[in-house]
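Each chain is listed here by its residues.
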Amino acid sequence: KQEVTQIPAALSVPEGENLVLNCSFTDSAIYNLQWFRQDPGKGLTSLLLIQSSQREQTSGRLNASLDKSSGRSTLYIAASQPGDSATYLCAVPGTYKYIFGTGTRLKVLA
Amino acid sequence: NAGVTQTPKFQVLKTGQSMTLQCAQDMNHEYMSWYRQDPGMGLRLIHYSVGAGITDQGEVPNGYNVSRSTTEDFPLRLLSAAPSQTSVYFCASQGSGGFPYNEQFFGPGTRLTVL
């Protein structure tokens, strides 16, 4: 059974720091992995989709990497800003559903 | 292109009442799904659909019904609301090629309270 874990559960950093969020999954046979951002009281916004054949995907200050063999993905945020404060979720597809991690709650201090 | 839209944004029901949560997408996506999000439980799949006329149950389907008469719409019906159904409900759709090949897009959510 696929399980997705995100560590740390919460993170607080000063503005300008580069940071890494981690996502681990137990079954490496995945098609892809998607990173989302969720602001308080809001829906999920897709950040990056990384296919199983890719090792990295970049969008602006965000870079996601995928290592299927070790069951890990990382989301790198460069030069963090207070506007990056949100909960970040990763998800992998299961049988007709997505399996989500419980998220990392990020706070970037001005 | 509005993406995935959900109505209402907020709803308060009394136990035993029924209601329908609306979800629509304008991206011609075949796969649509409903999740509920509860503190400490994460996102759990209620029902999903792989195309018009085809629906199936997810992890927590009890107390909910769905139908998919068109590609665009995927309403979720609460048959007889219970306090345990107090939650935030999200509708999602999947890009072309169907599940699981492309990005999943989420609606803004419906916050439901059952008294």
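Bear in mind that the values here come from a model prediction, so they are computed numbers and not experimental data.

Calculation criteria
Residues numbered from 1 in each chain as written. Chains lettered and ligands numbered in written order. Predicted model: local features only at pLDDT ≥ 70, side-chain atom pairs only at ≥ 80, totals over all residues. Heavy atoms only, no water. Core = buried A, V, L, I, M, F, W, Y, C linked by side-chain atoms within 4.5 Å. Buried < 20%, exposed > 50% of the residue type's maximum accessible area, 1.4 Å probe, protein only. Helix = DSSP H or I, 4+ residues; strand = E, 2+ residues; numbered from the N terminus. Contact = heavy atoms within 4.5 Å. 1 Å grid on protein atoms, 1.4 Å probe; cavity = no way out; pocket = protein on both sides within 12 Å on 5 of 7 lines; lining within 4 Å. Points joined across faces, edges and corners; volume = space filled by probe spheres on them. Nonpolar A, V, L, I, M, F, W, Y, C, P; charged D, E, K, R; others polar. Pairing = 2+ DSSP bridges. Axes fitted to C-alpha atoms, helices over the stretch in contact; angles between N-to-C directions.

Trainee: Any chance you could break down the nonpolar core for me, citing the residues and the numbers?
Mentor: Within the largest apolar cluster, 24 residues are counted, with the highest numbers of intra-cluster contacts made by A:Leu33, A:Trp35, A:Leu75, A:Ile77 and A:Tyr88. Elements represented by at least two residues in this core include exactly β3 (19-25), β4 (32-38), β5 (44-51), β7 (62-67), β8 (72-77), β9 (86-93) and β11 (104-109) of chain A. Among residues more than four places away in sequence, those in contact with A:Leu33 are A:Cys23, A:Phe25, A:Leu48, A:Leu49, A:Ile50, A:Leu66, A:Ser73, A:Cys90, A:Ala91 and A:Val92. Core analysis: the next-biggest nonpolar cluster, separate from the first, contains 18 residues, B:Leu13, B:Ile46, B:Val66 and B:Leu76 among them.

Trainee: So what's going on with unusual backbone geometry? Residues and values would help.
Mentor: Note that the residue after A:Ile7, namely A:Pro8, is joined by a cis bond; omega there is 0 degrees. Within the element layout of this structure, A:Pro8 appears in the loop between β1 (4-7) and β2 (10-14). With an omega of -5 degrees, the peptide bond between B:Thr7 and B:Pro8 qualifies as cis. Examined against the element boundaries, B:Pro8 turns out to sit in the loop between β1 (4-7) and β2 (10-13). We note that A:Ala79 has phi near 45 degrees; this positive angle belongs to a residue other than glycine. Along the chain, A:Ala79 turns up in the loop between β8 and β9. When its relative accessible area of 36% is taken as the criterion, A:Ala79 is described as partly exposed. Its identity as a non-glycine residue notwithstanding, B:Asn28 has a phi of 60 degrees, on the positive side.

Trainee: Describe the layout of surface pockets, with residues and values.
Mentor: In this structure, the largest pocket occupies an estimated 470 Å³ of space. Lining the largest pocket are 24 residues, and of these A:Gln38, A:Thr87, A:Thr102, A:Arg105 and B:Gln37 sit closest to its centre. Of all the elements, β9(A) adds the most residues to the lining of the largest pocket, at three residues. For the lining of the largest pocket, the class distribution of residues is nine nonpolar, ten polar and five charged. Taken as a whole, the second largest pocket holds about 330 Å³ of empty space. Considering the residues around the second largest pocket, the lining is formed by 16 residues, among which A:Lys1, A:Gln2, A:Ile99, A:Phe100 and B:Glu59 are closest to the centre.

Trainee: Report on the sheet that holds β3(A), specifying residues and quantitative values.
Mentor: Residues and elements named next belong to chain A. Pairing within the open sheet is antiparallel, and its five strands lie in the order β1-β3-β8-β7-β6. Each edge of the open sheet is held by one strand with a lone partner, namely β1 and β6 (56-59). Direction aside, neighbouring strands of the sheet carry axes that sit 15 degrees apart on average. As judged from the six bridges shared by β3 and β8, these two strands associate in the antiparallel manner. Looking across to β8, one finds that Ser24 is bridged to Arg72.

Trainee: Can you break down the side chain of A:Asp84 residue by residue, with the values?
Mentor: Residue and element names in this part refer to chain A. Position of Asp84 among the secondary structure elements: in the loop between β8 and β9. You can call Asp84 buried: its relative accessible area is 7%. Among residues more than four places away in sequence, those in contact with Asp84 are Arg37, Arg61, Ile77, Leu106 and Val108.

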